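Report on the structure
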Amino acid sequence: MLPKDPVMLLSYLNTQLRDHYPSLDALCEDMELDRQELLEKMAAIDYVYEAQVNQFR
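Here's what I pulled together on the structure shown here.

1. Describing the nonpolar core
- L9, L10, L13, L17, Y21, L24, L27, C28, L38, M42, Y49 and F56 form the largest nonpolar core, which has 12 residues in total.
- The greatest single-element share of this core, amounting to 4 residues, is contributed by helix α1 (residues 6–19).
- Filtering out sequence-adjacent residues up to four positions away, L38 remains in contact with L2, L9, L13, L24, L27, C28 and L33.

Pasting the structure below:
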């Protein structure tokens, strides 16, 4: 289950991306998550996914 709080979700996603997944697409596929929904949740707190560093910034 994903954290509900956006800041906690940000931390969780970046940790997962750093430690386990080569891309956001791989994370979403493996965890059966809606990529667009994650992007929108992170955009709401002014974070965007940067593929070249594989994290939300």
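2. Observations concerning the pattern of salt bridges
- Scanning all chains against the criterion turns up 4 salt bridges.
- For the salt bridge of D25 with R35, the shortest nitrogen-to-oxygen distance reads 2.6 Å. Residue D25 is found in helix α2 (residues 24–31), and its partner R35 is found in helix α3 (residues 35–43); the two are separated by 10 residues along the sequence.
- Taking the shortest distance from any N to any O, the salt bridge between R57 and E50 comes out at 3.7 Å.
- For R57, a relative accessible area of 46% puts it in the partly exposed group.
- Exposure remark for E50: the relative accessible area of 22% places this residue in the partly exposed category.

Quick notes on the rules
Residues numbered from 1 in each chain as written. Predicted model: local features only at pLDDT ≥ 70, side-chain atom pairs only at ≥ 80, totals over all residues. Heavy atoms only, no water. Core = buried A, V, L, I, M, F, W, Y, C linked by side-chain atoms within 4.5 Å. Buried < 20%, exposed > 50% of the residue type's maximum accessible area, 1.4 Å probe, protein only. Helix = DSSP H or I, 4+ residues; strand = E, 2+ residues; numbered from the N terminus. Contact = heavy atoms within 4.5 Å. Salt bridge = Lys/Arg side-chain N within 4 Å of Asp/Glu carboxyl O.

On their own, these measurements won't tell you what the molecule is for.
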